[in-house]
Amino acid sequence: MRPALPLPPADEGTRVPGMLLIRTDHDDDAWRDVLHRMGELPGLVTPRPGDGGLAPTEEEIIPRRLVVVDDPAWRGAAPEEVREALGGDGAWVPDLVLMATERTAATPHLRPLRAFRGDGDGDVVLFRITPLQAALAYLVLHLDLDITFEYFEEWSPIAAEWEPEEGEDLDEWEAGLPDPVGAYLERLDPVPRYTRPAQALPLLTQGDTDLIVRTDFSDDAAWETLLETVYRPGGGGPIDDFGDYIDVVDDPVFEGAAPEQVMAVLREWGEVLLIADGDTMRDPGHRVLAVPLEGRIGCAFRLDPDQVGSMVANLSIGNQDIEDYMDDETLKAVEGRTW
């Protein structure tokens with residue numbers, strides 16, 4: 001008999017989105033590595049040792065919670081047991097459940113977590129996801145990721161009929177599965193791991209437009225050239241003016257902010273976040289950093305400024321996908337087998 005999960009009570013009024021990360025394996029090193037890869041995420045909630053309560057959290061600019069459960073009583077638990085434990089009356093239900101299992105410990109280069117939707121109905125639909133990808137999805141979970149979770153279930157499923165047979169080598173079995181969602185993130189440089197900013201960043205509300213956020217203030221001339229090319233890639237004229245699709249954030253408080261830190265303060269839904277960082281300013285072509293906010297969340301790539309307006313306009317009407325603008329190297333990483 002498993003104990004009750006230490007979940008907070010159901011929210012009164014607006015529901016707080018979030019995830020549950022639960023440890024079901026005995027490997028201490030693997031667990032610490034998972035937590036390190038997840039990063040210093042906002043809204044972290046951990047049970048107090050001994051009393052079953054929840055440690056208080058700091059007030060966050062965007063309400064969300066990541067409940068982390070490290071209780072020996074849950075070692076060896078199956079996903080169905082965790083799902084059943086989520087059904088308590090009056091308890092908060094996470095949007096996504098993440099489980100660190102024995103396969104997490106056995107696969108140190110990716111640390112794949114088993115995952116399923118906490119508020120889903122019917123059978124548990126399992127998929128695999130890396131801690132990095134789970135963390136980046138968590139940062140924008142309040143933007144409504146239902147469609148993204150459907151993608152995750154399609155991209156890296158663990159179907160019941162795929163379970164290893166008795167006596168089958170688990171490493172060989174796992175090698176035959178699709179890569180965990182987010183495997184490509186391990187190949188990025190730098191790895192997109194969230195850390196808390198040195199100073200609190202303001203809330204960004206973009207409405208019906210996508211944002212280009214300036215995080216480097218070393219070259220005003222380069223910045224002005226970049227904006228001119230983004231807005232009027234054809235050199236001017238109403239047909240080439242993309243001002244209605246892109247808003248600019250030119251605030252020194254974002255100096256040096258990492259893309260993940262900017263993602264964490266986006267209040268409204270968007271499909272892509274555009275960053276003008278130091279590399280953008282130093283690059284002769286002023287290529288911006290494009291960071292997907294759905295699907296391939298956080299898989300950043302460089303984009304020529306004269307393509308930015310076309311991309312955001314076509315994404316807004318569903319005429320193209322973000323993959324249509326990724327470079328060949330990035331596409332190979334997200335669509336091919338990387339390990």
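Structural notes, computed from the coordinates. Predicted model only: the values in this text are computed from it and were never measured.

Digging into the pattern of salt bridges
Here is step 1: Inspection of the entire model under this criterion finds 19 salt bridges.
Here is step 2: Ionic pairing is found between Arg65 and Asp11, a salt bridge with its closest N-O pair at 3.1 Å. Highlighted residues: Arg65 in strand β3 (residues 65-69) and Asp11 in the segment before β1 (18-23), separated in sequence by 54 residues.
Here is step 3: Note on Arg65: relative accessible area 14%, which makes it buried.
Here is step 4: Arg111 is the partner of Asp33 in a salt bridge, and the nearest nitrogen-oxygen pair spans 2.9 Å. Of this pair, Asp33 sits in helix α1 (residues 28-38) while Arg111 is found in the loop between α3 (102-106) and β5 (113-117), placing the two residues 78 residues apart along the sequence. In this pair, the class of Asp33 matches that of Arg111, namely buried.
Here is step 5: One salt-bridge network, held together by shared partners, links Arg23, Asp28, Asp70 and Arg75.

Quick word on the packing of helix α7 (residues 220-231) against helix α10 (residues 305-316)
When two helices pack together, you describe them by how their axes are tilted relative to each other and by the distance separating the axes.
Here is step 1: Interaxial distance between α7 and α10 falls to 6 Å at its minimum, and their mutual angle equals 45°. Classed by the angle they form, the pair α7 and α10 counts as oblique. In terms of crossing hand, the pair formed by α7 and α10 is right-handed. Contacts between α7 and α10 involve Leu226, Thr229 and Val230 from the former and Pro305, Asp306, Val308 and Gly309 from the latter.
Here is step 2: When its residues are assigned to classes, the contact of α7 with α10 shows 4 nonpolar, 2 polar and 1 charged.

Topic: the layout of surface pockets
Here is step 1: In this structure, the largest pocket occupies an estimated 820 Å³ of space.
Here is step 2: For the largest pocket, the lining is made up of 29 residues, of which Leu188, Asp189, Pro190, Ala300 and Phe301 are closest to its centre.
Here is step 3: Elements with a minimum of two residues in the lining of the largest pocket: α8 (259-263), β10 (288-292), β11 (301-303) and α11 (328-335).
Here is step 4: Top contributing element to the lining of the largest pocket by residue count: α11, with 4 residues.

Side note on the nonpolar core
Here is step 1: Leu98, Phe254 and Met311 are the most contacted members of the largest nonpolar core, which totals 78 residues.
Here is step 2: For this core, the leading source of residues is helix α4 (residues 131-139), giving 7 residues.
Here is step 3: Once you skip the residues sitting within four places of it in the chain, Phe254 turns out to touch Leu201, Pro202, Leu204, Val213, Arg214, Thr215, Phe217, Val249, Val262 and Val265.
Here is step 4: By size, the runner-up hydrophobic cluster in this structure holds 17 residues, among which are Val45, Val69, Ala77 and Ile158.

So, the sheet that holds strand β2 (residues 44-45)
Here is step 1: Spatial ordering of the open sheet is given by β2-β3-β1-β4-β5-β6, a layout of 6 strands whose pairing is mixed. Each edge of the open sheet carries a strand with a single partner, namely β2 and β6 (127-129).
Here is step 2: Relative to strand β4 (residues 96-100), β1 is paired through 5 bridges, and the arrangement is parallel. Paired with Ile22 across the two strands is Met99, which belongs to β4.
Here is step 3: In this fold α4 packs onto β1, β3, β4, β5 and β6, with an angle of close to 155° to the strand it touches most, β1.
Here is step 4: Of the strands in this sheet, β4, β5 and β6 are in contact with helix α5 (residues 146-155), which crosses β5 at around 135°.

Comments concerning the side chain of Gln261
Here is step 1: For Gln261, the location among the structural elements is in helix α8.
Here is step 2: Gln261 sits in the buried class, given a relative accessible area of 9%.
Here is step 3: Not counting chain neighbours up to four residues away, the residues in contact with Gln261 comprise Tyr194, Thr195, Arg196, Pro197 and Leu201.

With respect to a negative patch on the surface
Here is step 1: A cluster of acidic residues, Asp119, Asp121, Asp144, Asp146, Glu150 and Glu154, forms a negative patch at the surface.
Here is step 2: Tracing the sequence through the fold places Asp121 in the loop between β5 and β6.

Some details on the environment of Trp92
Here is step 1: Along the chain, Trp92 falls in the loop between α2 (79-85) and β4.
Here is step 2: Excluding anything up to four places from it in sequence, Trp92 contacts Leu7, Pro8, Pro9, Ala10, Asp11, Arg15, Val16, Pro17, Gly18, Met19, Arg65 and Val67.
Here is step 3: At a separation of 2.7 Å, a polar atom in the side chain of Trp92 contacts the main-chain carbonyl oxygen of Val16.

Points about empty space enclosed by the protein
Here is step 1: A full pass over the atoms with the stated rule returns 3 cavities of 30 Å³ or more.
Here is step 2: Volume-wise, the largest cavity comes out at about 50 Å³.
Here is step 3: Along the walls of the largest cavity sit Thr101, Arg103, Pro112, Arg114, Arg128, Ile158, Trp173, Glu174 and Leu177, which together make up its complete lining.
Here is step 4: Of the residues assigned to the lining of the largest cavity, the class counts are 4 nonpolar, 1 polar and 4 charged.
Here is step 5: As a volume, the second largest cavity reaches approximately 40 Å³.
Here is step 6: What lines the second largest cavity is Arg23, Asp25, Asp27, Ala30, Trp31, Ala100, Thr101, Thr104 and Ala105.
Here is step 7: Where the lining of the second largest cavity is concerned, the elements lending two or more residues are α1 and α3.

Here's the deal with unusual backbone geometry
Here is step 1: Although it is not a glycine, Arg111 adopts a positive phi angle of roughly 50°.
Here is step 2: If you check the backbone angles, Asp144 has positive phi at about 75° while not being a glycine.
Here is step 3: Inspection of the secondary structure puts Asp144 in the loop between α4 and α5.

The rules behind these values
Residues numbered from 1 in each chain as written. Predicted model: local features only at pLDDT ≥ 70, side-chain atom pairs only at ≥ 80, totals over all residues. Heavy atoms only, no water. Salt bridge = Lys/Arg side-chain N within 4 Å of Asp/Glu carboxyl O. Helix = DSSP H or I, 4+ residues; strand = E, 2+ residues; numbered from the N terminus. Buried < 20%, exposed > 50% of the residue type's maximum accessible area, 1.4 Å probe, protein only. Axes fitted to C-alpha atoms, helices over the stretch in contact; angles between N-to-C directions. Parallel < 35°, antiparallel > 145°, perpendicular 65-115°, else oblique. Left-handed = near helix turned anticlockwise from the far one by under 90°. Contact = heavy atoms within 4.5 Å. Nonpolar A, V, L, I, M, F, W, Y, C, P; charged D, E, K, R; others polar. 1 Å grid on protein atoms, 1.4 Å probe; cavity = no way out; pocket = protein on both sides within 12 Å on 5 of 7 lines; lining within 4 Å. Points joined across faces, edges and corners; volume = space filled by probe spheres on them. Core = buried A, V, L, I, M, F, W, Y, C linked by side-chain atoms within 4.5 Å. Pairing = 2+ DSSP bridges. Patch = residues over 30% accessible without salt bridge, like charges linked within 9 Å, V, L, I, M, F, W, Y side chains within 5 Å. Areas by Shrake-Rupley, 256 points an atom, 1.4 Å probe, with all protein chains shown as cover. Lys, Arg positive; Asp, Glu negative; His and termini not counted. Charge placed at Lys NZ, Arg CZ, Asp CG, Glu CD. Polar contact = N/O pair within 3.5 Å; in protein donor to acceptor, adjacent residues only side chain to side chain.

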